[in-house]
Every structure is written in C-alpha cells, then in structure tokens.
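Structural description and commentary
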Amino acid sequence: MGKRPCLIPFHRIQQGYFGPSGGSGGGGNAPPPPPPKPPPGPKLYRESDDFRRRVAADRAAEIAAYAAALGLSVADWEHQANAHLQQLVSQMQPFTRVSTDTLEKVLTVGRFKSQFETNSSSGLLDKEARRRVEFGLFGMPFASPAHHRPIYGYLHPSSEGFDRNTAPVLNQYGRVAV
C-alpha cells in the first residue's frame, strides 16, 4: 500500500510546527508549546470546561497506555512520535486544491482566501464549527480576522499532488493541485 496524504494546515508548516527544522527532519527536541488558552469574553464554543478537562485526561491516559504497551515513558513515546511525524512530513510536498476559476482569482488577487473571506466551501460551510475546530487544533483565536484564518491543504508524496488513489477524494476541492 502506498503512502497516503497527510492533512496539515499550511500555517503550521510555515511556523516551524515540526521543530527548528521546519518539517525537514532532525532537530525539534524542544518541548511542545503549552495548549492555547481560551479567548477572553463570552465562550463561543459549546463544550464546557469540564468536558475539555475530561477529553484532555482521556487523551493523556491513551498516550500513557500506548507508551506503556511499547515499554516507553510518555516523554520517550512523544519524542519518537514527533520524530516519526517529522520523517513523514519531510517526504511530502504541500498542496492545496482549487478549481480553474479559483486559480484565476488567486493569481489576480495574489493570495489564497479562507472560506471566511469567500463565504463558500467545497464541503461544509459552518463558520462556528470551523472556529471551534481551528481553536481546538491550531489555537486560532475565535475573533481572528478572516484574512488571518488558515488556508487548508494537504501533504502528498508525489510532485504532482495526487495519484490514482487520492485524486477522486481530492477532486471535490478542485482539479488543480497548487
């Protein structure tokens, strides 16, 4: 079975999310950053603080179980998992998919726009759900301006950004791999 695409938001790669190497393998021995703090003001997400604590505790227990099953400490498991992820990412190229019409707009404007700017989506257009996901996964503040929102893409091992197995899934976002 061939390598599968890995979905990582571009801004995480650009910010050196995978350590000082920026995703090219090696380095990255610094401890992970602390989890983001919720934004001030009214809560825009539906989950309670208690729910978030329970999810965090469940995740910590799962990681501890994975580590124990391999005879590793949690710190060693996290180090090995991060090294493995860095190796996978170093073998991939970043892409996003767009239609030919969207590509013309990108070339005219000079940048990609988020769905918060275009008010359109090739999938689900639910800005509230997207805000919650972007906060939970990336630490993106809820009140971030539309032009600061992440542009989604994927990592793929081929230089074309698709193969016969992944093209049908990716084509819903457009037929041009950029």
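Residues numbered from 1 in each chain as written. Predicted model: local features only at pLDDT ≥ 70, side-chain atom pairs only at ≥ 80, totals over all residues. Heavy atoms only, no water.

So, the overall build of the protein chain
Convention followed: A run of H or I in DSSP becomes a helix once it reaches four residues, and a run of E becomes a strand once it reaches two; helices and strands are each numbered from the N terminus. Three exposure classes are used, based on accessible area relative to the maximum for each residue type with a 1.4 Å probe and protein chains only: buried under 20%, partly exposed in between, and exposed over 50%. Contacts are assigned to residue pairs that have any heavy atoms within 4.5 Å of one another. Only the protein chains shown count as cover for residues, and all accessible areas are computed by the Shrake-Rupley method using a 1.4 Å probe.
Scanning the protein chain from terminus to terminus reveals seven helices and four strands. Ordering the α and β elements of the protein chain from the N terminus gives α-α-α-β-β-α-α-α-β-α-β. Among the 178 residues that make up the protein chain, the fraction classed as buried is 25%. In the protein chain, 65% of the contacts between residues at least 6 apart in sequence involve partners at least 24 apart. Carbon and sulfur atoms form 57% of the exposed surface of the protein chain, whose accessible area is close to 11900 Å².

Some details on the packing of helix H2 (residues 49–69) against helix H3 (residues 74–90)
Condition: Orientation is described by lines fitted to C-alpha atoms, with helices fitted over the stretch in contact, and by angles between N-to-C directions that extend from 0 to 180 degrees. Reported orientations rely on four angle classes, namely roughly parallel under 35 degrees, roughly antiparallel over 145, roughly perpendicular from 65 to 115, and oblique for the rest. Note on residue classes: Ala, Val, Leu, Ile, Met, Phe, Trp, Tyr, Cys and Pro are nonpolar, Asp, Glu, Lys and Arg are charged, and everything else, Gly too, is polar.
Following both chains from N to C, one finds H2 and H3 inclined at 90°, their axes separated by 9 Å at the closest point. As judged from the angle between their axes, H2 and H3 are roughly perpendicular. In contact with Ile 63, Ala 64, Tyr 66 and Ala 67 of H2, H3 contributes Val 74, Trp 77 and Glu 78. In terms of residue class, the contact of H2 with H3 is made up of six nonpolar, no polar and one charged.

Thoughts on helix H6 (residues 127–138)
Here is the rule we go by: Here the expected length of a helix is defined as 1.5 Å per residue gap, with one fewer gap than residues.
Over its twelve residues, H6 extends 15 Å from the first C-alpha to the last, a length consistent with the 16 Å expected when each residue adds 1.5 Å. For H6, every residue scored as buried is listed here: Ala 129, Arg 132, Glu 134, Phe 135 and Phe 138. Positive phi shows up at Gly 139, right after H6, with a value of about 75°.

A closer look at the confidence of the model for the protein chain
The test is simple: Every residue carries a pLDDT, the predictor's confidence in it, which falls somewhere between 0 and 100.
When pLDDT is averaged along the protein chain, the result is 77, and 73% of the positions lie at 70 or above. Low pLDDT, under 50, characterises residues 10–28; the predicted model gives this stretch 39 contacts beyond four residues in sequence or across chains.

Digging into the packing of aromatic side chains
As a reminder, the rule being used: The aromatic pairing rule takes the rings of Phe, Tyr and Trp, using the six-membered ring of Trp, and pairs them if the centres are within 6.5 Å, calling planes under 30 degrees apart stacked, those over 60 edge-to-face and the rest tilted. A ring is considered to have a charge above it if a Lys NZ or an Arg CZ atom is located within 6 Å of its centre and within 35 degrees of its normal.
Counting across every chain of the model gives four aromatic pairs. Between the aromatic rings of Tyr 66 and Trp 77, the centroid separation amounts to 6.0 Å while the plane-to-plane angle is 25°, which identifies the pairing as stacked. A residue pair is termed long-range when its members are at least 10 positions apart, and Tyr 66 in helix H2 and Trp 77 in helix H3 qualify at eleven residues. Overall, Tyr 66 belongs to the partly exposed group, its relative accessible area being 47%. According to the relative accessible area criterion, Trp 77 is partly exposed, its value standing at 21%. Directly above the aromatic system of Phe 116 lies the positively charged group of Arg 149, at a separation of 4.6 Å from the ring centroid.

Observations regarding the pattern of salt bridges
Operational definition: Note on definitions: salt bridges are taken to be side-chain nitrogens of Lys or Arg within 4 Å of carboxyl oxygens of Asp or Glu.
A complete count under the given rule lists two salt bridges for this structure. Across the salt bridge formed by Arg 111 and Glu 117, the nearest N and O atoms sit 2.5 Å from each other. On the basis of relative accessibility, which here comes to 35%, the residue Arg 111 falls in the partly exposed class. Here Glu 134 ties to Arg 149 by a salt bridge, and the two come within 2.6 Å at their closest N and O atoms. Placement of Glu 134 in helix H6 and of Arg 149 in the loop between H6 and strand E3 (154–156) is noted, with a sequence separation of 15 residues between them.

Brief notes about unusual backbone geometry
Of note in the backbone geometry, Asn 119 takes a positive phi value of approximately 55° without being a glycine. Note on placement: Asn 119 falls in the loop between helix H5 (115–118) and H6. Owing to a relative accessible area of 49%, Asn 119 belongs among the partly exposed residues under this scheme.

Remarks on the environment of Ser 144
Counted only if it meets this: Any pair of N or O atoms that falls within 3.5 Å is considered a polar contact. Within protein, one atom must be able to donate a hydrogen and the other to accept it, and sequence-neighbouring residues count only if both atoms are side-chain atoms.
The residue Ser 144 is located in the loop between H6 and E3 in this model. Its relative accessible area of 16% is what places Ser 144 among the buried residues. A sequence separation of 13 residues divides Ser 144 from Arg 131, and the C-alpha atoms of the two residues are 9.1 Å apart. Within the structure, Ser 144 has its side chain in polar contact with the backbone oxygen of Pro 141 (distance 2.9 Å).

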